[in-house]
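Given next are the chains, with one letter for each unit.
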Amino acid sequence: MSIVNNPIPSNLKSEAKKAAKILREFTEITSRNGPDKIIPAHVIAKAKGLAVLSVIKAGFLVTARGGSGIVLARLPNGSWSAPSAIGIAGLGGGFEIGIEVSDLVIILNHERAVEAFAKGGNLTLGGNFTVAIGPLGRNLEGDVALRSSAAVYTYCKSRGLFAGVSLEGTCLIERKETNRK
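Residues numbered from 1 in each chain as written. Predicted model: local features only at pLDDT ≥ 70, side-chain atom pairs only at ≥ 80, totals over all residues. Heavy atoms only, no water.

(A) Representation of the pairing of strand β2 (residues 84-108). With 18 of its 25 residues buried, β2 lies for the most part within the structure. Bridge count between strand β1 (residues 49-73) and β2: 22 bridges; the pairing is antiparallel. Across the sheet, Ala51 pairs through a bridge with Ile106, a residue of β2. (Buried < 20%, exposed > 50% of the residue type's maximum accessible area, 1.4 Å probe, protein only. Helix = DSSP H or I, 4+ residues; strand = E, 2+ residues; numbered from the N terminus. Pairing = 2+ DSSP bridges.)

(B) Local environment of the pattern of salt bridges. According to the stated counting rule, one finds five salt bridges in the structure shown. Measuring nitrogen to oxygen at the nearest pair gives 3.1 Å for the salt bridge that ties Lys18 to Glu15. With a gap of three residues between them, Lys18 and Glu15 both fall in helix α1 (residues 12-27), about one helical turn apart. Residues Lys18 and Glu15 agree in their burial class; the two are buried. For the salt bridge of Arg180 with Glu177, the shortest nitrogen-to-oxygen distance reads 3.2 Å. Of this pair, Arg180 and Glu177 are both found in helix α5 (residues 176-180), three residues apart, which corresponds to roughly one turn of the helix. Taking relative accessible area as the criterion, Arg180 reaches 62% and is therefore assigned exposed. Overall, Glu177 belongs to the partly exposed group, its relative accessible area being 44%. What emerges from the salt-bridge pattern is a single network uniting Glu15, Lys18 and Arg175. (Salt bridge = Lys/Arg side-chain N within 4 Å of Asp/Glu carboxyl O.)

(C) A look at the side chain of Arg175. Residue position: Arg175 is located in the loop between β5 (152-174) and α5. Within polar-contact distance, the side chain of Arg175 engages the side chain of Glu15 at 3.3 Å. One polar contact links Arg175 to Thr178, side chain to side chain, over a distance of 3.0 Å. Not counting chain neighbours up to four residues away, the residues in contact with Arg175 comprise Pro9, Ser10, Glu15, Ser68, Ala85, Ile86 and Gly87. (Polar contact = N/O pair within 3.5 Å; in protein donor to acceptor, adjacent residues only side chain to side chain. Contact = heavy atoms within 4.5 Å.)

(D) Seen up close, the environment of Phe26. Looking at the element boundaries, Phe26 is found in helix α1. Considered as a pair, Phe26 and Ile38 are 12 residues apart in the sequence and their alpha carbons are 5.4 Å apart. Sequence-distant contacts of Phe26, that is, excluding residues within four places in its chain, are made with Ile38, Ile39, Asp103, Val105, Tyr155, Cys156 and Lys157.

Put into C-alpha cells, the structure is as follows:
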C-alpha cells in the first residue's frame, strides 16, 4: 500500500512533487498495478489538461472535504504549461461516517474544461461538466475513448474507511496567492 499523500495545501514546488508522485502511481505498471489497472497512455496523450489532487474527507452525518493539487494545460505546440495551484473544498450531509484520503487524477478532455480552471473562478464538477470514470487498462480504452463525450474523466485511489449515502457539493478553486509566489 502506498503512503498517504498530504492533502494540506503547500507551496507550488511541493504540490508539483506530490502531483508527479500521484501521476506515477496512476500510470506505472507495478506489482499492484497491472496493465489493466492504470490510466492508458493514449488518454493522457489526448488530454487538453490534467488536474492532480490529494483530498481528505471526514465526518459523521455532516462531512467536509478539502485538499490541494495542481492543474496543467496542453499548449498549442503539444507541450505542457507550467503548473497552477488549485484547492478543493466541499460539504455534504446524509447517513455517513468515516475518514478517507483520496488521490485524484482528472483528465480534462475539452478546451472548455481547461478554460474553466484557467478563469480562476469556482468550478463544480458534475454541475458544469459531464464527468465519467476514466477508462482503465487495455480492455475498455478503445471503446470508451472513442465514444465518450465526457469533458472530464476522473481517476481515484482512496485509503481509509467511509460508509454511507450523502448529497455533496464540491468546488475547485484557483490558489491565486500560491501561484503569485
